[in-house]
Amino acid sequence: MVQVPRGTRDFTPEEMVKRQYLEQAMTATFSSFGYQQIQTPSFEHVELFTAKSGDAIINELYAFTDKGGRQLALRPELTAPVIRCYIERLQMEPKPLKVFYFGNCYRYDRPQKGRYREFQQAGCEIIGAGTPEAAAELLALAYSLLQNAGLQTIHLNIGNLTLVKSLFKKLRLVHDDQKTLLPFIDKGQFEDLKVALRDCGVSEQETTTCLQLLQTPDLSDIREFLRGDTEAEKELSVMETILELLQNAFAVKDYSLKLSIVRGLDYYTGMVFEIDAPVLGAEKQLCGGGFYELIPLLGGTAVPTAGFAVGFDRTILALEAEHFVFPASRLDVYVVPVNPEMVPQAIQIVQQLRSTGLSVDFDVLQRGIGKSLKYAAAKQAHTVVIVGPKELENNSVTLRDMDTGAQQTMAISALQTMLDKK
Ligand code: AMP
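Residues numbered from 1 in each chain as written. Predicted model: local features only at pLDDT ≥ 70, side-chain atom pairs only at ≥ 80, totals over all residues. Heavy atoms only, no water.

Peer 1: Even after reading the chapter, I still don't get the overall build of the protein, so can you show me in this structure?
Peer 2: For the protein, the helix and strand inventory stands at 15 helices and 16 strands. Along the longest, intermediate and shortest principal axes, the C-alpha atoms of the protein span 95 × 55 × 45 Å. Classification of the 422 residues of the protein by burial places 48% in the buried group. Long-range pairs, those at least 24 residues apart, make up 68% of the contacts in the protein between residues at least 6 apart in sequence. With 43 positive and 52 negative side-chain charges, the protein shows a spacing of 4 Å between the two charge centroids. (Helix = DSSP H or I, 4+ residues; strand = E, 2+ residues; numbered from the N terminus. Buried < 20%, exposed > 50% of the residue type's maximum accessible area, 1.4 Å probe, protein only. Contact = heavy atoms within 4.5 Å. Lys, Arg positive; Asp, Glu negative; His and termini not counted. Charge placed at Lys NZ, Arg CZ, Asp CG, Glu CD.)

Set out below in structure tokens:
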């Protein structure tokens, strides 16, 4: 038997109800923040991703050569495709341009719970606004997206790459050293970081200070250490404004400053952030993003850019782990013709009800009332409409409330009004 490929999943109708719910909830939040939806292809030229992430990314890609000899790859993320699309088609749009997306991504990862080879991301980019208010709004959007979807416990951690680079500069660390240190910082492996800092020639005392600053929740500690570095001082004021707006204007109070959120050295600039759902354990990172520079690298005219991506599948897992009650997808009405002669009349009623926006199905197997009621119960129908000859003579049908089992005869003309009230 052929099975689903490793790291991919089928979604049954029951699972799709949850996914549809989440997509709708997220779309509503993105729209409420003035973002518009965008869609790009599932595959791109491989250089798009190597330009952004370097050649090392090739090991993670589903890359292939097509019949025309083109080097292509299934997209591992959507920021580079969206920026490519912006450069090709949207550079003349009024700024800031705010776009959001949902899309499947593909990575040749080692599959485990919450980590798949095909997964979905929801995300957004804001192009042409580098102000603290744009940054604070982006943080508030990421937070609201998950909160409005129904998540109870999430942690927003905010870092800043400019400040981390200033810290490195003060410790006289060259670019190659920084690259070695970054993965330890990113993974919070501070013991390994200590050893690596020593290997880079950083003194014991400076190492202690560095570790403290990477974990301090207080901007003033960082200001103290970086005093005299004008770039860092400017960035510290920007961060202060961002956090002030986030807390007091956007009313997002539940966040932590964490310089150890570093994401990527070459690509991100300034503020970066992540949101975790602790309920998920190992693969708990739901969202990551920040300010980045990609437009010039891909041949466009530089403007400030920021964005984030949310792991859609992990958000579903987190909602399930928190026992979130997803809205049920129920059939509104199931119509049962009691004999073959009733079928045309039953279909007319079905079509009339469908035209009003109700979800309606009917017995196409002529199974009789008993089996039809069982089927309707399995499909969680609200109401069953039984179309029988005696009632039909009086332009009536029988209505059965599937929650209570109560039945009543009703004129077909009154059916609509009755069902609308339910
Ligand atoms: P990234 O583009 O790596 O920053 O990922 C953004 C978000 O996508 C992460 O925070 C995860 O929630 C999610 N994600 C990344 N890789 C995977 C994967 N292999 N399977 C499921 N979700 C993923």
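Peer 1: Just checking my understanding: could you explain the packing of helix α7 (residues 190-199) against helix α8 (residues 204-215) for this structure?
Peer 2: Between two packed helices, what matters for the description is the angle formed by their axes and the separation of those axes. The geometry of α7 relative to α8 is characterised by a closest axis approach of 10 Å and an angle of 140 degrees between their N-to-C directions. Considered as vectors, α7 and α8 are oriented oblique to each other. Classified by chirality, the crossing of α8 by α7 is right-handed. Of α8, the residues touching α7 (which contributes F190, L193, K194 and L197) are T207, C210, L211, L214 and Q215. Here the residues of the contact of α7 with α8 sort into six nonpolar, two polar and one charged. (Axes fitted to C-alpha atoms, helices over the stretch in contact; angles between N-to-C directions. Parallel < 35°, antiparallel > 145°, perpendicular 65-115°, else oblique. Left-handed = near helix turned anticlockwise from the far one by under 90°. Nonpolar A, V, L, I, M, F, W, Y, C, P; charged D, E, K, R; others polar.)

Peer 1: Help me understand the domain arrangement of the protein in this model?
Peer 2: You'll often see interface size given as the accessible area lost when the parts meet. The domain boundaries assigned to the protein delineate domain 1 (13-321) and domain 2 (333-421). Between the C-alpha centres of domain 1 and domain 2 the distance comes to 52 Å. (Domains from an automatic or database assignment.)

Peer 1: Hey, could you run me through the environment of A129 in this one?
Peer 2: Here A129 shows up in the loop between β6 (118-127) and α4 (132-148). Taking relative accessible area as the criterion, A129 reaches 11% and is therefore assigned buried. Spatially, the C-alpha atom of A129 lies 6.8 Å from that of T305, the residues being 176 residues apart in sequence.

Peer 1: I would appreciate a short explanation of the environment of Y106 in the present structure.
Peer 2: Summarising the element assignment, Y106 is placed in strand β5 (residues 97-106). Classification of Y106 by relative accessible area gives buried; the value is 14%. Taking the C-alpha atoms as reference, Y106 lies 6.0 Å from L74; in sequence the two are 32 residues apart. Among residues more than four places away in sequence, those in contact with Y106 are E60, Y62, L74, R75, P76, R117 and E118. Reaching out from Y106, the side chain makes a polar contact with the side chain of E118 at a distance of 3.1 Å. (Polar contact = N/O pair within 3.5 Å; in protein donor to acceptor, adjacent residues only side chain to side chain.)

Peer 1: Mind showing me how you'd approach the sheet that holds strand β4 (residues 71-74) here?
Peer 2: Strand order in this open sheet of three strands is β2-β4-β3, and the pairing throughout is antiparallel. Pairing within the sheet leaves two strands with one partner each, and these edge strands are β2 (43-45) and β3 (63-65). Averaged over all pairs of adjacent strands, the angle between their axes in this sheet comes to 35 degrees, without regard to strand direction. Against the sheet, helix α2 (residues 46-53) makes contact with β2, β3 and β4, and its axis sits at roughly 75 degrees relative to β2, the strand it touches most. (Pairing = 2+ DSSP bridges.)

Peer 1: Please explain the site of the ligand as it appears in this structure.
Peer 2: Taken together, 14 residues surround the ligand, and among them R107, D109, Y116, R263 and Q285 come closest. At 3.1 Å from a nitrogen atom of the ligand is found a side-chain nitrogen or oxygen belonging to D109. Here the ligand, which alone exposes 480 Å², has 88% of that area covered by the protein. Mapped by element, the contributors of at least two residues to the shell around the ligand are β6, β10 (285-292) and β11 (305-311). It is β10 that provides the largest number of residues to the shell around the ligand, a total of three residues. Partitioning the shell around the ligand into residue classes produces five nonpolar, four polar and five charged. (Near = heavy atom within 4 Å. Areas by Shrake-Rupley, 256 points an atom, 1.4 Å probe, with all protein chains shown as cover.)

Peer 1: Quick question: what am I supposed to make of the sheet that holds strand β7 (residues 155-160) here?
Peer 2: Strand-to-strand pairing in sheets goes through backbone hydrogen bonds, with the strands running parallel or antiparallel. The mixed open sheet is built from eight strands, whose spatial order is β1-β5-β6-β11-β10-β9-β7-β8. The open sheet terminates on both sides in strands that have one partner only, identified here as β1 (36-37) and β8 (255-257). Two elements, β6 and β11, share seven bridges in a ladder whose sense is antiparallel. Along β11, the bridge assignment pairs E125 with G307. In this fold helix α1 (residues 13-32) packs onto β5, β6 and β11, with an angle of close to 160 degrees to the strand it touches most, β5.

Peer 1: It is not clear to me how the nonpolar core should be interpreted in this structure. Could you clarify?
Peer 2: If you look at soluble globular proteins, the nonpolar side chains tend to sit buried side by side. M26, L156, I158, F273 and F308 are the most contacted members of the largest nonpolar core, which has 110 residues in total. Formed by 19 residues, the second largest nonpolar core is a distinct cluster that contains M342, I349, F362 and M410. (Core = buried A, V, L, I, M, F, W, Y, C linked by side-chain atoms within 4.5 Å.)

Peer 1: Sorry, what's going on with the pairing of β7 here?
Peer 2: The side chains of a regular strand alternate, residue by residue, between the two faces of the sheet. β7 sits mainly inside the fold: five of its six residues count as buried. Taken together, the six bridges between β7 and strand β9 (residues 268-276) define a ladder with antiparallel strand orientation. If you follow H155 over to β9, its bridge partner there is D276. Here three bridges tie β7 to β8, and the two strands are oriented parallel to one another. By the bridge assignment for β8, N157 is matched with S256.

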